[in-house]
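# Residue-level structural notes
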Amino acid sequence: MEGHINVMIRSVITAQGEREEMCQTGRGLLRHDEDGYHLRYSAIDETGQRSNNAVRMTGEGITVHNTSAGYTLQLNPEQDTVLRLRAGGAVLEMGIITRRVRWTLEGEEQGTIEMDYTMLSGGTPVSDVCLRIQIEKEEKEK
């Protein structure tokens, strides 16, 4: 699948025994080349908060660059990574343990991207994240 798409992003975050579910919808562009898949999208959540992301899927995992918040999240099941978040002039470093990444984008009309990871602070798990991106090819206007 390639071209203009609609996205629905559902994330479930569990932190300190509390579970929070969020949903976003938006539009984007999906491309495929010799390096893998590249998805750029803009989505809005239930509160009206907009998020702009660039997602790259290769044999080494998934890289999410959130251009709205200015961070890059690297998810590789074979290697722990570090997420650096800017917070009021300081940089907060969070460890990332990727439990699973998977994408099925070979279909003509629909696809999915799945990311499951744990965030750590000082080596202690603070939240588990399950993120699902549903992709549908945008209908052409007649």
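Residues numbered from 1 in each chain as written. Predicted model: local features only at pLDDT ≥ 70, side-chain atom pairs only at ≥ 80, totals over all residues. Heavy atoms only, no water.

### So, the environment of I96
For clarity, the cut-off: Put simply, DSSP marks the helices as runs of H or I at least four residues long and the strands as runs of E at least two long, and each gets a number from the N terminus on. Exposure categories follow from relative accessible area, calculated using a 1.4 Å probe and restricted to protein chains: below 20% of the type maximum is buried, above 50% is exposed, and the middle band is partly exposed. It only takes one pair of heavy atoms within 4.5 Å for two residues to be counted as in contact.
Residue position: I96 is located in strand β8 (residues 90–104). Accessibility expressed as a relative area gives 1% for I96, which makes it buried. Distance in space between the C-alpha atoms of I96 and D80 is 5.7 Å, their sequence separation being 16 residues. Those residues in contact with I96, other than ones at most four positions away along the chain, are L73, Q74, L75, D80, T81, L83, Y117, T118, M119 and L120.

### Re the pattern of salt bridges
Defined as follows: For salt bridges, the criterion is a side-chain nitrogen of Lys or Arg within 4 Å of an Asp or Glu carboxyl oxygen.
Scanning the entire structure with this criterion turns up nine salt bridges. Among the salt bridges present, the one from E114 reaches R102, with a minimum N-O distance of 3.5 Å. Taken as a pair, E114 in strand β9 (residues 110–121) and R102 in strand β8 lie far apart in primary sequence, 12 residues in all. Assessed through its relative accessible area of 41%, R102 is described here as partly exposed. Residues joined by salt bridges that share partners form a network here, namely R100, R102, E114, D116 and R132.

### Describing the side chain of D116
Let me state the cut-off plainly: Residues adjacent in sequence count toward polar contacts only when both atoms are side-chain atoms; beyond that, a polar contact is any pair of N or O atoms within 3.5 Å, and within protein one must be able to donate a hydrogen and the other to accept it.
Note that D116 resides in strand β9. Classification of D116 as buried rests on a relative accessible area of 10%. A polar contact of 2.8 Å, which involves the side chain of D116, links it to the side chain of R132. Once residues lying within four places of it in the same chain are set aside, the contact partners of D116 are T98, R99, R100, V129, C130, L131 and R132.

### Notes on the pairing of strand β3 (residues 36–45)
Where we set the bar: When DSSP finds two or more bridges between two strands, those strands count as paired.
Of the strand pairs in this sheet, strand β2 (residues 18–33) and β3 are connected by 10 bridges, and their pairing is antiparallel. Of the residues in β3, the one forming a bridge with L30 is L39. Counting the residues in the hairpin turn of β2 and β3 gives two residues. Pairing analysis gives eight bridges linking β3 to strand β4 (residues 50–58), with the strands arranged antiparallel. Paired with H38 across the two strands is R56, which belongs to β4.

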